[in-house]
Amino acid sequence: MVAEDSFISLRGITKVYGEGATAFQALKGVDLDVAQGDFVAVMGPSGSGKSTAMNIIGCLDVPTSGTFRFKGFPVETLDRDQRALLRRKYLGFVFQGFNLLARTSALENVELPLLYRGDPKAERRETAMNALDKVGLKEWWDHTPAELSGGQQQRVAIARALVTNPDVLLADEPTGNLDSERSVEIMELLAALNREAGITVLMVTHEPDMASFARTIVHFKDGLVDRIEQGNGAKAVTP
Amino acid sequence: MLGTTFLLALRSILRHKLRSFLTTLGIIIGVAAVVTMVTLGKATTAAVQQQIAALGTNILQVRPGQGFGRGGGGPRPPDFEPADVTAIQQQVTGVTAVAPQAQSTATAIYEGANWSTTINGTTSAYFVVQPWPLTAGRLFTPAEEGAGKAVCIIGSTVAKNLFRNVEPIGKRFRIGDISCDVIGLLSTRGQAGFGGDQDDVVIMPLKTVQRRFTGSTDVRMILVGVDQAYSTAQVTSTLTDLLRDRRHLTGGKPDDFNIFDTKQISDTLTSTTTMLTQIVAAVAGISLVVGGIGIMNIMLVSVTERTREIGIRLAIGAVASEVLMQFLVEAVVLSCLGGVIGLLIAQLVIGVLTPVMQVPWTFDPQINAFAFLISGVIGVVFGYFPARRAASLNPIDALRHE
C-alpha cells in the first residue's frame, strides 16, 4: 500500500500530553490508512488512543510526531485557522452529546456551517431544508432541541454534518446516548449515507453491535492499532 | 461576513433577552445619567445667563460699602452725592448713561387695597441703562424730574395688587404721606434669581423720593451703563479711581464702595455651573465605565457558559477570528443597544425634570452622539478580552466542557 494513494493516511503518529514526569503518551506510532468511501468503526477500551486518533483525523488536534495526509496533503503543516477551513470544507462532525445549539431551531442549527461558508440566505435555507429532509426531519425544522427526542436531535446533528457535502463524516460515539432501537436507526442512516452518497464515515464506538454496521473495524489498544477486521457492512455490499 | 456575524450576535442576544437586558443595564444607566446631567447642566447655565441678562448686561451697579456685607464695625460708609453722578457722566469714558437711585419703602393705598412696596427714585436715564419697556403710559418728563413731581411708574406686581381690575394709568393713589399719579406701567420682568420680585416696585423721580421719603439728597446706588465698545473692566477701573478721589480715599485705604459688574457675575456663574456640570458628568461617566465592566463580566460568564457552543462552532470550521468577531460584535451590539435605550430614557428624564427645575428644554446632539459613541467604544474595549478568550479555546476541550 502506497501512502500517497491513500485518502487518509497516518504514518508513525504519536501524541504526548503534558511534559516531563507527568507526560502521557496517548498514541505510540499509529499507522492507518482509510480508503475513500469506506465506513470505519474505531473500537477499543478507554485510554486506548482511539479518541485521540479521531481528533487528529478530524483536524481538531495535531500529532506530536508523524505524518498525516488527507487527500495526499500533509495536514501537520497547517496552522489552526487553515485546519478550521479544512474542517469547514471537507469534514462533518457528529458527537455523542449531539451538541446542538440550545434555543435554536433545527433549521438554524443545520444552517450554521453554511453561515460560516457565507452562503446567501435563500440558498442557505434551501440547502439546510434538503439536509433535514435527508434525515427525515423536514416537518420538524422549526423545533428547538428541547422539543426533539434524542434520536431526532442526533438526526439534526447528522443533517448539520451533511449540509456542506463533506468528504468525511466523523462520528464520536453517535449512539452513546440513545436506546438500542434509536441506535439502530442512526446506524442505518449512517450506513445509507455511506452507501448512497459515498461519504467516508469514521465512527468511534464501544458497542460491537454498532461497529458491525461498518465495512472495516479498527481496534485500538495501548496507543496502537491492534488489529483490523471486516464488518458486516462490507458483506452487505459484496453478496 | 460582518453582516452574518451581526446576525449571529443579534440571534444570541435575543435568545437571552433578560440576561442581555441586565448586562446592558449599567450602560443604560450610565448613558442616561451622562446625557441627563450634561443637558440639565447646560440648561441651568443657560437659565442663569438668562436671569443675569434680565438684570441688564453691561451695567455697573455702584453701591456704598464693601461687597454685599457692611463688613465689621466702624461707621457706615456715606452714600453718594448728586455731584458724583454728574462727575461720572462727564469724566468716565465709555459710559452711555448714569442713573442715580434713592430707595425707600412705604405702603401704597388705593381705595380699599393697600400694598407695601419698594420706592425707587431715579431719572429717565434708568430706562436708558437697562431696557425695561412700558406696557402703557409714559416715562418722566424733564420738567417732572426737575420739579420733583408726584408722578410714578408702577411695576406689574404693584398694579396687580393695588389696582386689581382697574386700569391704573391716570389714577391717583396714596403712598406714604403723599398722593401720586400713575403715568406708566412697567412690563413684567419676573424673579431676579436673587433679590426677589423685580416687579414689586414704584418708580418716581429722584427728587420726589429725596424730598418726600429719604429727606436728603443722598444717592444710595448708581447704575452705570457701559458702551458695548468698552470693556466693563476698563470702565470699572476708571470709575474706581474717580470715586476714590471724590471720596478722599488716599494711599492704602480700602474702597468704601463696591462696583457690581453684572457681566462679570454672569461669567463667574456660567463658569461655575459649567464646572459643576463637568464634575457631575464625570461622576456619571464613571458609571459608564462600571457598566462596561458589567458587560465584560457577563461576557466572560457567557464565554464560559457557551464553551460547548464555541467548541461546536470551531469544530464545524469557524476560524478564530470569526469566533472573536462574534463575541466582540455581540458585546458592541449589546452596549450600543444599551446606549440607545439610555438616550431614550435620558430624553424622558429631561422632559420630566426641565419643568420642575424651571430650565428650558434643550436637545444637545453633541452630547447624545458622544454618549452613544462611548457606549460603542465600551463594547469594543470590554468585549475584546472575553472575545479573545473565546477565540483561543481549544475545540476539543471546548467540546468536552460540561
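Criteria and cut-off values
- Residues numbered from 1 in each chain as written.
- Chains lettered and ligands numbered in written order.
- Predicted model: local features only at pLDDT ≥ 70, side-chain atom pairs only at ≥ 80, totals over all residues.
- Heavy atoms only, no water.
- UniProt positions renumbered as here; feature names shortened; annotations may be inferred.
- Contact = heavy atoms within 4.5 Å.
- Salt bridge = Lys/Arg side-chain N within 4 Å of Asp/Glu carboxyl O.
- Polar contact = N/O pair within 3.5 Å; in protein donor to acceptor, adjacent residues only side chain to side chain.
- Helix = DSSP H or I, 4+ residues; strand = E, 2+ residues; numbered from the N terminus.
- Buried < 20%, exposed > 50% of the residue type's maximum accessible area, 1.4 Å probe, protein only.

If you check an unreviewed UniProt entry, chain B appears there as ABC transporter permease from Sphingobium nicotianae. UniProt, in its Subcellular location (unreviewed entry) section for chain B, records the words "Cell membrane". Per UniProt, the comment on chain B under Sequence similarities (unreviewed entry) is "Belongs to the ABC-4 integral membrane protein family."

Novice: Can you help me understand the interface of chain B and chain A in this one?
Specialist: Think of interface size as the accessible area that goes away when the parts come together; that is how it is often given. Listed per partner, the contact involves 26 residues of chain B and 25 residues of chain A. Where chain B touches chain A, the interface holds three salt bridges. The closest approach of N and O atoms between A:E108 and B:R11, which form a salt bridge, is 3.7 Å. At the junction of chain B with chain A, the criterion picks out 11 residue pairs in polar contact (both at pLDDT 80 or more).

Novice: Looking at this structure, how should I read the side chain of B:T45?
Specialist: Residue and element names in this part refer to chain B. Here T45 shows up in helix 2 (residues 17-55). A relative accessible area of 9% places T45 in the buried class. Polar contacts involving the side chain of T45 include one to the main-chain carbonyl oxygen of G41, which spans 2.8 Å. Residues contacting T45, with those up to four places away along its chain left out, are T270, T273 and T274.

Novice: Honestly, unusual backbone geometry in this entry has me stumped. Any pointers?
Specialist: For residues besides glycine, phi is generally negative; the peptide bonds are generally trans as well. Phi is positive for A:C59, which is not a glycine, with a value near 60°. When you line up the elements, A:C59 lands in the loop between helix 1 (50-57) and strand 4 (65-70). Here B:R164, not a glycine, exhibits a phi torsion of approximately 45°, which is positive. Along the chain, B:R164 falls in the loop between helix 6 (156-163) and strand 6 (172-175).

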